[in-house]
Structure formats: C-alpha cells, structure tokens
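# Geometric and topological summary
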Amino acid sequence: MSESAAASQRLAFVQNHLQVAACSNKEEPRKKTPVESMSEEREKATFDVRALTYFLDGGEKYTKIREKFMMELERDPTFRMYDMYDVTKDEIRVRTMEKFRTIVHYVSAEPVPIFTMRMQTISLIDPGFWTRFGVHYGLFFGALRGSATSAQFSHWVSKGALALNGMVGCFAMTELGHGSNVAGLETTATFDEAADQFIIHTPTVTATKWWIGGAAHTATHCVVFAQLYVRGKRYGTKSFVVQLRDTRTYTLMPGVNIGDIGKKMGRDGIDNGWIQFTNVRIPRTNMLMKHTKVSRAGEVKEPPMAQLTYGALIQGRVAMVIDSGNIAKKAVTIAGRYAAVRRQFQSNPHDVQETKLIDYAIHQYRLMPILAMAYAFHFTGVETQKLYDDLMDKLESTQPGDAALQDTLETLKETHATSAGLKAFCTWSTLNAIEACRQTLGGHGYSAYTGLATTYNDFAVHCTWEGDNTILTLQSGRYLVSCYREALAGKAQPEGVDYLNHLDTLLTQGCAVKTNEEILNFDIIQQAWGVVTANVVKKAGDDFAESLKQGMSPEAAYEECSQARLAAAKIHSFGYVFRRFAQAVKSAPEGLRAVLTKVCFLYGLYSIEQNAGFFLQYRYFTPSQMDYVRAQVNVHCREVRQEYIPLIDAFNYSDYMINSPLGVYDGNVYEKYFDQVKRQNPVGQPHPYLPLIQSLLRRDIEDDEPLEEDEEDDE
C-alpha cells in the first residue's frame with residue numbers, strides 16, 4: 001500500500017471514530033430514590049390501612065385519642081427525645097422528674113382507661129419514665145388500693161398519695177438475696193404490743209432491699225414487704241407503709257439508710273436504690289390490713305381465702321404482655337421500613353439498581369414472622385386485659401360464702417397462670433425479636449441513633465422483673481399439670497385449657513386431611529396445637545405422677561419434672577397466642593380479613609416449623625406434611641411481604657414515637673440519619689483528648705536513626 005493510501009485509511013478511521021452517534025429517544029432507566037422506593041410499597045395495599053388502625057385500636061375514637069397523645073408529647077419540650085442517645089445518667093434523671101409535673105395533672109383529670117392509654121403511649125417513647133411514674137402509681141399506689149382497708153386507703157389519699165402531693169412512693173419487695181421467692185424475704189416486721197408499733201428491721205446484708213425504683217433520691221414513703229412476727233410467731237410476708245424521708249427537708253428518717261445501686265443496662269431515668277432499716281418503728285395502722293389484720297391486743301386474723309390476695313400481682317404481668325406487642329411493633333417498624341429502601345447487590349444482572357433487602361427471600365424470612373408475631377401479641381394483649389378486667393370485677397364483688405366464690409377462684413387461678421406464662425413467653429420472644437431486627441440493619445444497627453440497641457437494653461428487664469421468666473414459666477407449667485390431673489379425674493377445665501377436656505380423642509389424633517392444601521385452615525392449625533399441647537402436658541403430668549409413686553413429696557416431684565413443665569408451658573403459650581390471633585381475625589371487618597388471615601397463617605405455620613420436633617414426635621403431622629408446612633412458611637413470607645409496609649403503617653406510630661432515622665415514614669433514611677449524626681456531633685469542635693494525641697505524636701524518641709535496610713532486600 002502506498003504512503004498516501006495508508007494516510008487516507010488512517011484519516012477515515014479517525015473520522016469514523018469521532019463521529020457522534022444519533023441520540024436515541026429511549027431514556028435510560030432512572031434509579032429510584034429511597035422516598036420513591038417507600039412510596040411504591042404503599043401502593044401495593046389491598047386493604048384500607050386506616051380501617052386496620054381503627055380495628056387495632058378498638059375503634060376510631062381510640063385512634064384519635066392516641067394521636068392526640070402523640071401530638072401532645074411531641075410538642076412538649078420536656079419530652080424531647082431526639083438527643084436521648086447522648087445524654088448522661090444524671091441528665092436523664094433530671095428530665096424524668098421534669099416530666100412528672102406534666103403527667104401528674106392527667107392522673108385526676110382523665111378516666112383510668114384513658115390515662116392507661118396515655119401511659120402505654122409514653123412507654124413506647126420513654127420506657128424509663130413510664131417505669132418511674134409507674135413505681136408510684138402502679139406499685140406504691142396500687143399496693144394501697146389492693147391491700148389497704150377502705151379507711152387506710154382514704155388516709156393515704158388524704159396524705160397526697162393520689163395527687164402526688166406531699167409524698168412520693170416506692171415499692172420495696174426485692175432484696176439483695178431474694179427476688180422471686182417472696183415467701184423467703186428476710187426483712188422483719190415485729191409487733192411491739194406495748195407500744196402498738198411494728199419494728200421494721202434488716203437483719204442481714206442479704207435482707208437489704210435492692211433494685212427499689214425511686215428509692216435512691218426521690219421517694220418519701222415506701223410499701224415494704226416483710227415477715228410479720230407477733231408474739232414470736234411468724235405469719236408470712238405482709239406489706240407495711242414506711243416513711244423514708246422527711247417530706248420538707250428530704251433528710252432520711254432515723255434508722256433508714258439508702259444508697260444508689262448505680263449504672264444499669266437501661267432505663268437510667270429510674271433512680272434504683274438499696275434500703276436498710278435498723279429498728280425503724282411505725283404505727284400498727286401502717287400495716288396494710290385489707291386481708292391479714294393485727295389488732296391492738298396482738299390478735300392476728302388471717303383472710304379466709306388467701307388466694308384472693310393474688311389478684312394484685314397480675315396487673316403488672318398483663319401490662320408486660322401488652323408492652324411486648326407494642327415494642328415488637330416498634331422494632332419491626334424500624335427494621336421493616338429500612339428494608340424497603342436499603343438496596344444491596346443485584347439479584348438480577350439486568351436491573352439498573354441494586355435489589356431491596358426485603359426482596360431477598362432470606363430477609364423476608366427474617367422479618368415477616370416478626371411482623372406476624374407483633375400482630376399476634378397485640379391481639380393476645382387485648383384478650384389478656386379483658387381476662388384481667390373480668391377477674392377484678394369478680395374479686396371486687398365476691399365475699400367469703402358467696403355462691404359465686406368457687407367460680408371466682410377458678411378464674412383467679414386461670415388468670416394467674418395464664419398471665420405468668422404469657423408474660424414470660426411474650427417478653428422472651430420480643431427481646432429476641434428486637435435483637436433480630438437490630439441485626440437486619442447491618443452495621444447501622446450498632447449505632448445508638450437507630451434506636452434498637454437502646455430498645456433492647458430498656459426492654460431486657462422485662463424478662464426478670466415482676467417475676468423471673470423461668471420461674472413464671474414453671475408456675476404456668478405447674479398449673480397445667482394440676483389441670484391435667486383434674487381432667488383425668490373428670491373435672492371440666494376452663495376455655496384456656498379446653499384441649500384437656502378432650503384427652504380421649506386428642507392424644508392419638510393425627511392430621512386427617514386428604515390433601516396438603518387443607519392444612520391451611522384455622523381449625524386444622526388450632527387442632528394441631530391442641531394435640532401437641534395435650535401430649536406435652538400429659539408428659540409433664542405423667543412425670544409428676546411417676547415421681548410421686550417413687551415416694552417424692554409433691555414439691556420434689558414438681559422439681560423433678562421441671563424441664564417437662566417448661567416445655568409444656570412454652571407449647572401451651574404458642575397455641576394460646578395463635579388461638580387469640582385467629583379469634584381476632586374472625587371478628588375483623590370483612591375488608592381486613594383477607595390480609596389478616598395471611599398474617600395469622602404465617603404466625604401459626606412459622607411457630608409449627610420452629611417446634612417441628614413435637615409435631616413429628618406425637619405424629620400429628622407426617623414428614624411430608626411438615627415439608628409442606630415449611631414450604632408454606634416461605635410462601636406466606638412472600639405474600640405478607642407484598643403488603644408489609646401498609647401492615648406496618650397500620651400501627652400508626654409517628655416518627656417522633658419511632659425516634660429512629662432508619663424507621664421514618666417517608667423512607668428518607670440516609671439524609672435523616674446523617675443529619676442526626678451531625679446535629680449530635682458537630683464538626684469542628686475540639687475533642688477532650690486532643691492534648692493526649694498531640695503529646696503522643698510529639699514525644700521525644702531516643703533513637704531517631706532510620707532502620708538499616710536488609711541486604712537481602714536489594715537482591
């Protein structure tokens with residue numbers, strides 16, 4: 001080729017390379033913003049979100065009341081929450097007391113049910129204040145209401161117990177050496193007949209009252225649980241009102257020593273303290289005598305039905321069942337909304353942007369069962385509250401000798417055991433759910449600002465206060481063993497353990513469906529739980545009976561079958577919660593029933609999958625049927641995922657209540673997270689350890705000579 005021809009060819013090549021292609025009319029797909037990603041999720045709703053909110057709240061009236069509470073709290077500067085993750089323990093306690101002035105007004109201004117709703121709302125945003133306020137009204141004042149005579153109650157109300165004016169109360173049951181074993185408390189209350197006084201005394205270090213909320217710095221009065229001694233005879237643990245501090249000077253009363261137990265895992269707004277009494281004298285009438293009475297002459301009159309005194313213990317457990325549902329809803333709201341906008345990797349190589357977390361099957365499996373659990377616990381809490389209210393109505397109207405007394409005692413026994421088992425089951429499950437939700441946030445879950453780390457720390461105490469969960473589960477298991485033995489003797493059992501009325505047919509029953517698809521039926525799933533629970537309870541009951549045959553005492557026999565009791569109570573609670581959820585779905589408005597049915601099926605199927613061993617052991621499901629159950633868990637995770645954001649929206653928690661940039665309603669998580677970090681940690685401010693860094697870098701080094709190069713490095 002000639003030189004000119006070669007030059008022409010090179011020129012043509014360059015011109016062709018530089019030629020601008022004609023513009024295409026087709027636009028490149030645009031990546032969706034987090035806000036747009038959230039919006040598209042809301043468009044998938046097949047139900048009326050607002051109608052579901054009304055159903056959850058018990059009606060439109062109560063939804064508007066809750067929204068009013070949320071707005072009032074958000075606008076109240078004493079309830080500012082955005083900076084709570086950066087304040088010190090002392091600052092939190094100051095804020096806690098500031099809030100008292102705001103909330104105490106509503107105690108007398110609102111009916112009890114409405115005020116209870118207000119406190120439930122507060123528990124979601126500031127559980128420390130909820131507990132601190134509850135120490136006075138729920139525990140101290142609750143003890144007065146439940147254990148004082150009418151004259152005593154009027155006396156303490158006149159002293160300011162109701163108005164929180166003239167006294168601040170606390171509740172001293174737990175000791176350094178005793179918690180769940182209330183009968184074993186060591187603090188003594190000895191009656192001095194000559195002086196007509198009780199002497200309250202701490203005889204040992206382990207008798208020191210411990211974990212007493214409000215005692216460290218705040219409380220002026222206390223309901224103290226102590227062993228009653230009259231004329232040398234012990235009558236068991238009773239309650240006494242003891243003044244701790246002078247109401248004007250706030251100095252400790254003679255013989256009273258108090259201190260702060262220090263930093264805790266969470267809820268730093270509560271000034272938990274220890275108390276020791278050294279021969280502190282109180283009037284005889286400071287013993288709360290609604291049940292046990294001690295006369296001026298030293299005569300002790302015990303109640304004819306001691307069981308009737310147990311009703312006051314149940315309220316706190318019911319409150320924690322309800323709180324479990326509320327906190328589970330909050331946790332899954334944060335994790336769920338984040339999963340709708342967080343994108344990571346590409347499941348489809350042709351997609352223009354990364355895949356949403358929630359579109360991965362494994363992420364659906366991590367979150368959707370928690371969403372279903374939150375709904376299940378909500379409806380269980382509603383029914384447990386009704387059970388408790390019914391019990392209290394009966395206790396108020398029942399007197400020894402009444403024809404309805406036996407029915408009241410049966411209701412008390414059932415409510416006591418049910419609330420104990422559910423308190424343990426729901427709080428354990430919710431604590432695990434909070435941590436599971438935190439981990440779905442990835443690295444961001446470790447930040448305090450995302451909310452779930454603090455939520456976990458604040459909620460963990462539910463598993464050990466108001467009764468250690470293991471002890472309460474054993475109590476529930478003991479009740480189930482008792483019911484089983486009664487059923488064998490022919491006594492009809494209450495609705496909560498109705499499966500024990502059908503032992504002759506349930507124990508050997510299998511799933512008799514013709515096709516696997518028929519398993520997707522509320523009655524079949526409920527029957528499955530009935531069969532398995534009946535068998536597990538039978539195992540505990542038979543173990544107990546066998547131990548008795550070997551000559552063990554009843555207490556030793558119960559201890560011997562403790563593992564079987566734990567298993568029985570756990571499986572009973574799974575079935576109980578599913579039953580309450582299914583009942584709620586059946587009573588739901590028609591337009592909500594379809595979506596709630598999917599959620600309820602997911603809870604029931606996932607719970608069965610998690611306990612598959614029992615269903616296979618007792619041969620209710622065959623292995624192939626269990627495979628179908630497992631497959632349907634995945635199917636229902638996908639189905640619930642399609643509308644999970646509207647299902648979360650129905651909880652109706654404002655951004656203020658969620659208090660997490662990753663759980664904001666509009667989905668703009670990154671900007672709001674970054675804004676909060678910058679607001680709480682301003683750029684450019686000197687840090688306190690700057691001199692240490694400077695001294696580290698500017699220190700004198702004795703040997704400044706550079707290291708000699710290794711000869712081998714040159715080869």
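Not measured: the values here are computed from a predicted model. (Residues numbered from 1 in each chain as written. Predicted model: local features only at pLDDT ≥ 70, side-chain atom pairs only at ≥ 80, totals over all residues. Heavy atoms only, no water.)

### Some words on the overall build of the protein
Summing up its helical and strand segments, the protein has 24 helices and eleven strands in all. Considering only C-alpha atoms, the protein reaches an extent of 135 × 80 × 65 Å along its principal axes. Considering only contacts in the protein between residues 6 or more positions apart, those separated by 24 or more positions represent 74%. Accessible surface for the protein amounts to roughly 34,500 Å². Of this, 53% is attributable to carbon and sulfur atoms. (Helix = DSSP H or I, 4+ residues; strand = E, 2+ residues; numbered from the N terminus. Contact = heavy atoms within 4.5 Å. Areas by Shrake-Rupley, 256 points an atom, 1.4 Å probe, with all protein chains shown as cover.)

### Quick notes on the sheet that holds strand 7 (residues 256–260)
Judged by pairing direction, the sheet is antiparallel, and its three strands sit side by side in the order 4-8-7 without closing on themselves. In the strand order of this sheet, the two ends are held by strand 4 (209–212) and strand 7, each with one partner. The mean angle between the axes of side-by-side strands here comes to 20°, regardless of whether they run parallel or antiparallel. (Pairing = 2+ DSSP bridges. Axes fitted to C-alpha atoms, helices over the stretch in contact; angles between N-to-C directions.)

### Comments concerning the side chain of Thr 53
Relative to the elements of secondary structure, Thr 53 occurs in helix 3 (residues 49–57). With a relative accessible area of 2%, Thr 53 lands in the buried category. In this structure Thr 53 touches Thr 63, Asp 649, Ala 650 and Asn 652, once residues within four positions along its chain are discounted. (Buried < 20%, exposed > 50% of the residue type's maximum accessible area, 1.4 Å probe, protein only.)

### Brief notes about the packing of aromatic side chains
Scanning all chains against the criterion turns up 26 aromatic pairs. Ring plane angle 80° and centroid distance 6.1 Å describe the contact between Phe 522 and Phe 578, whose orientation is recorded as edge-to-face. Remark: Phe 578 occurs in helix 17 (residues 562–586) and Phe 522 occurs in helix 15 (residues 522–549); sequence separation between them is 56 residues. Judged by relative accessible area, which is 11%, Phe 522 ranks as buried. The exposure class of Phe 578 is buried, given its relative accessible area of 1%. Cluster of aromatic residues (ring-pair linked, three or more members): Phe 79, Phe 100, Phe 115, Phe 129, Phe 133, Tyr 137, Phe 141 and Phe 153. For the cation-ring pair, Arg 42 lies above Tyr 665, with the distance from its terminal atom to the ring centre recorded as 3.5 Å. (Phe/Tyr/Trp six-rings, centres within 6.5 Å; stacked < 30°, edge-to-face > 60°. Lys NZ or Arg CZ within 6 Å of the ring centre and 35° of its normal.)

### Thoughts on unusual backbone geometry
Across residues other than glycine, the phi torsion is negative in most instances, and most of the peptide bonds are trans. The backbone of Tyr 250 sits at a positive phi, close to 65°, despite the residue not being glycine. By the secondary structure assignment, Tyr 250 is in the loop between strand 6 (233–243) and strand 7. By relative accessible area, which is 34% here, Tyr 250 ends up partly exposed. Residue Glu 466 is not a glycine yet carries a positive backbone phi of 55°. Along the chain, Glu 466 falls in the loop between helix 12 (452–459) and helix 13 (469–488).

### Description of the nonpolar core
By size, the foremost hydrophobic cluster in this structure holds 159 residues, and its most contacted members are Leu 52, Leu 371, Tyr 375, Tyr 603 and Phe 621. If we ignore the near neighbours within four places in the chain, the residues touching Tyr 603 are Ala 372, Met 373, Ala 376, Phe 377, Phe 425, Phe 574, Val 577, Phe 578 and Phe 581. (Core = buried A, V, L, I, M, F, W, Y, C linked by side-chain atoms within 4.5 Å.)

### Details of the pairing of strand 9 (residues 280–283)
The alternating pattern of strand 9 places Val 280 and Ile 282 on a buried face, while none of Arg 281 and Pro 283, on the opposite face, is buried. In this structure, strand 3 (residues 197–201) lies alongside strand 9, joined through four bridges in antiparallel fashion. Considered in strand 9, the bridge of Ile 199 is made with Arg 281.

### Concerning the packing of helix 10 (residues 361–397) against helix 17
It is at 8 Å that the axes of helix 10 and helix 17 come closest, and there the two elements cross at 90°. Taken as axis vectors, helix 10 and helix 17 run roughly perpendicular relative to one another. Counting all contacts with helix 10, which are made through Ala 372, Tyr 375, Ala 376, Phe 377, Phe 379, Thr 380, Glu 383 and Leu 387, the residues of helix 17 involved are Tyr 576, Val 577, Arg 580, Phe 581 and Ala 584. Residues that form the contact of helix 10 with helix 17 fall into these classes: ten nonpolar, one polar and two charged. (Parallel < 35°, antiparallel > 145°, perpendicular 65-115°, else oblique. Nonpolar A, V, L, I, M, F, W, Y, C, P; charged D, E, K, R; others polar.)

### A few points about a nonpolar patch on the surface
A surface patch of nonpolar side chains, amounting to about 620 Å² of accessible area, comprises Tyr 689, Leu 690, Leu 692, Ile 693, Leu 696 and Leu 697. Here Tyr 689 is to be found in the loop between helix 23 (669–680) and helix 24 (690–697). (Patch = residues over 30% accessible without salt bridge, like charges linked within 9 Å, V, L, I, M, F, W, Y side chains within 5 Å. Salt bridge = Lys/Arg side-chain N within 4 Å of Asp/Glu carboxyl O.)

### A short note on the environment of Val 677
Positionally, Val 677 belongs in helix 23. Classification of Val 677 by relative accessible area gives partly exposed; the value is 28%.

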